[in-house]
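# A structural walkthrough
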Amino acid sequence: LLCSVRAEKDAAGRVTRVIGASVDVTELAAAQAQLRRESQRKDAFLATLAHELRNPMAPIRYAVAMLGENTPAAVREQARAIIGRQAAHMSRLLDDLLDMSRITRNAIELQRELLDLRGVIGQAVDGVRPAYAELGHRLVVSSPPQPVWVDGDSTRLQQVLGNLLDNAAKYTPPGGEVTVRLDLQGAEALLSVSDNGLGIEPRDQAQVFELFSQVRPPGHGGTGLGIGLAVVRQLVELHGGRIELHSAGAGRGSCFTVRLPLAPRQEEPAEPAPAAK
Ligand code: ADP
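Residues numbered from 1 in each chain as written. Predicted model: local features only at pLDDT ≥ 70, side-chain atom pairs only at ≥ 80, totals over all residues. Heavy atoms only, no water.

### Remarks on the confidence of the model for the chain
Summary statistics for the chain give a mean pLDDT of 87 and a share of 91% for residues scoring 70 or more. Under the prediction, the complex receives an ipTM of 0.98, its pTM being 0.76. (pLDDT = per-residue confidence, 0-100.)

Next up, the structure:
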């Protein structure tokens, strides 16, 4: 505790009032340390951002240099593929950045409707299949035979699952196995993505959901902005759900589980009334 005391005196030098103030310096120091950590994270984020935005430039310039008046069709096609891939990568980065700014302003709005989560899984899985095939990852999906209804935003829930699937592929050495499971538990739907990849040390597990936080597993150069899981957590919480991470540690795989409240049980549609004669 830091204290300061001041005495007020009258003209004759007699003490008339004592004013004291105390500040809890441990709290102050903790707040300052927190600010310092956030500012360091932001600096590191800006450096990563510049790097990530510059990376696609070299292949794009290379592809443009391949193109001339008499470029053979096959080479033109190769250049087109390179530019397309890099443009898609940059669009994803920019979408992440926009979401990040919406998150910090609390400005994400859901377009909710009654959804069968099995459909959301189907679409998200279709979206990542080509990348999984390229990396030689096996993708296993298991869901119940009956619909799993939630009141959710289909695009945003696909984004949640797509992000978890992208990470599972990114942090698992080629030829890995990733499993998507959908289960019902009480009044909740449990949607999990587990991989047999690099895993996350217990001491880093709480941190991975923070904005700009990147925990680089040993031996993983990696790309990304450290935004994905922060966006995922925010989207899950907007749906009234929560996300959990289980990993036994480095090299032992990771499992992210999203818990979402089930929509109130749907009534069977009423039989249409017989037409009046
Ligand atoms: P990014 O992937 O851009 O670094 P994310 O917010 O998506 O950012 O993830 C934050 C950190 O969490 C990553 O840097 C990585 O260390 C860790 N992580 C996320 N998913 C996995 C996973 N499936 N296996 C191992 N580590 C992961």
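### What to know about the sheet that holds strand E6 (residues 177-185)
The five strands lie next to each other as E4-E6-E7-E9-E8, forming an open sheet whose pairing is mixed. Two strands in the sheet have a free side with no partner beyond their single neighbour: strand E4 (138-142) and strand E8 (242-246). Taking the axes of each pair of neighbouring strands and ignoring which way they run, one obtains an average angle of 15 degrees across the sheet. Bridge count between E6 and strand E7 (residues 188-195): eight bridges; the pairing is antiparallel. By the bridge assignment for E7, Val 178 is matched with Asp 195. Together, E4, E6, E7, E8 and strand E9 (254-261) form the strand contacts of helix H5 (residues 154-170), whose direction differs from that of E7 by roughly 25 degrees. (Pairing = 2+ DSSP bridges. Helix = DSSP H or I, 4+ residues; strand = E, 2+ residues; numbered from the N terminus. Axes fitted to C-alpha atoms, helices over the stretch in contact; angles between N-to-C directions. Contact = heavy atoms within 4.5 Å.)

### Quick word on the side chain of Arg 259
Topologically, Arg 259 is positioned in strand E9. Ignoring sequence-local partners within four residues, the contact set of Arg 259 consists of Gln 185, Glu 188, Ala 189, Leu 190, Val 236, Gly 241, Arg 242 and Glu 244.

### A closer look at a nonpolar patch on the surface
Together, Leu 2, Val 23, Val 25 and Leu 28 line one region of the surface with nonpolar side chains, adding up to about 320 Å² of accessible area. Relative to the assigned elements, Leu 2 resides in strand E1 (residues 2-9). (Patch = residues over 30% accessible without salt bridge, like charges linked within 9 Å, V, L, I, M, F, W, Y side chains within 5 Å. Areas by Shrake-Rupley, 256 points an atom, 1.4 Å probe, with all protein chains shown as cover. Salt bridge = Lys/Arg side-chain N within 4 Å of Asp/Glu carboxyl O.)

### Some details on the pattern of salt bridges
Under the criterion given, the structure shown has 15 salt bridges. Between Arg 156 and Asp 99 there is a salt bridge; the shortest N-O distance is 3.3 Å. With Arg 156 in helix H5 and Asp 99 in helix H3 (residues 73-104), this pair connects stretches of sequence that are 57 residues apart. Here the two residues Arg 156 and Asp 99 agree in accessibility, since each one is buried. Across the pair Glu 188 and Arg 242 runs a salt bridge whose closest N-O atoms are separated by 3.3 Å. In this pair, Glu 188 sits in strand E7 while Arg 242 sits in strand E8, placing the two residues 54 residues apart along the sequence. Here the residues in one salt-bridge network are Glu 188, Arg 242, Glu 244 and Arg 259, joined through shared partners. (Buried < 20%, exposed > 50% of the residue type's maximum accessible area, 1.4 Å probe, protein only.)

### Let's talk about the nonpolar core
Side chains of a nonpolar character, in soluble globular proteins, are inclined to be buried together. Ranked by internal contacts, the top residues of the largest apolar core, which has 49 residues, are Leu 117, Leu 164 and Leu 165. Here Leu 165 is in contact with Ala 124, Val 125, Val 128, Tyr 132, Leu 139, Val 178, Val 180 and Val 193, once residues within four sequence places are set aside. (Core = buried A, V, L, I, M, F, W, Y, C linked by side-chain atoms within 4.5 Å.)

### Details of the packing of H5 against helix H6 (residues 228-238)
Put simply, H5 and H6 touch, their axes get as near as 10 Å, and they point 145 degrees apart. Considering the relative orientation of H5 and H6, their crossing is left-handed. Here H5 contributes Arg 156, Gln 159, Val 160, Asn 163, Leu 164 and Asn 167 to the contact with H6, which in turn contributes Gly 228, Leu 229, Val 231, Val 232, Leu 235 and Val 236. Each residue belonging to the contact of H5 with H6 can be placed in one class, and the counts come to seven nonpolar, four polar and one charged. (Left-handed = near helix turned anticlockwise from the far one by under 90°. Nonpolar A, V, L, I, M, F, W, Y, C, P; charged D, E, K, R; others polar.)

### Focus: unusual backbone geometry
You will see that Asn 106, though not glycine, has its phi angle at about 55 degrees, which is positive. As for its position among the elements, Asn 106 is in the loop between H3 and strand E3 (113-116).

### Digging into the pairing of E9
Of all eight residues in E9, seven are buried; the element is thus mostly enclosed. Relative to E9, E7 runs antiparallel, the two sharing eight bridges. Considered in E9, the bridge of Asp 195 is made with Ser 254. Here five bridges tie E8 to E9, and the two strands are oriented antiparallel to one another.

### Some remarks on the packing of aromatic side chains
All told, the structure shown has one aromatic pair when counted by the stated rule. Taking 6.1 Å as the distance between ring centres and 80 degrees as the angle between the ring planes, the aromatic pair formed by Phe 209 and Phe 256 counts as edge-to-face. In this pair, Phe 209 sits in the loop between E7 and H6 while Phe 256 sits in strand E9, placing the two residues 47 residues apart along the sequence. Here the two residues Phe 209 and Phe 256 agree in accessibility, since each one is buried. (Phe/Tyr/Trp six-rings, centres within 6.5 Å; stacked < 30°, edge-to-face > 60°.)

### Quick notes on helix H1 (residues 25-54)
Structural remark: α-helix, 3.6 residues per turn; residues separated by three or four positions point the same way. Between the first and last C-alpha of H1 there are 43 Å, a value that for 30 residues agrees with the 44 Å anticipated at 1.5 Å per step. Among the residues of H1, those classed as buried are Phe 45, Leu 49 and Glu 52. Where H1 is buried, its residues touch H3. (Expected span 1.5 Å × (residues − 1).)

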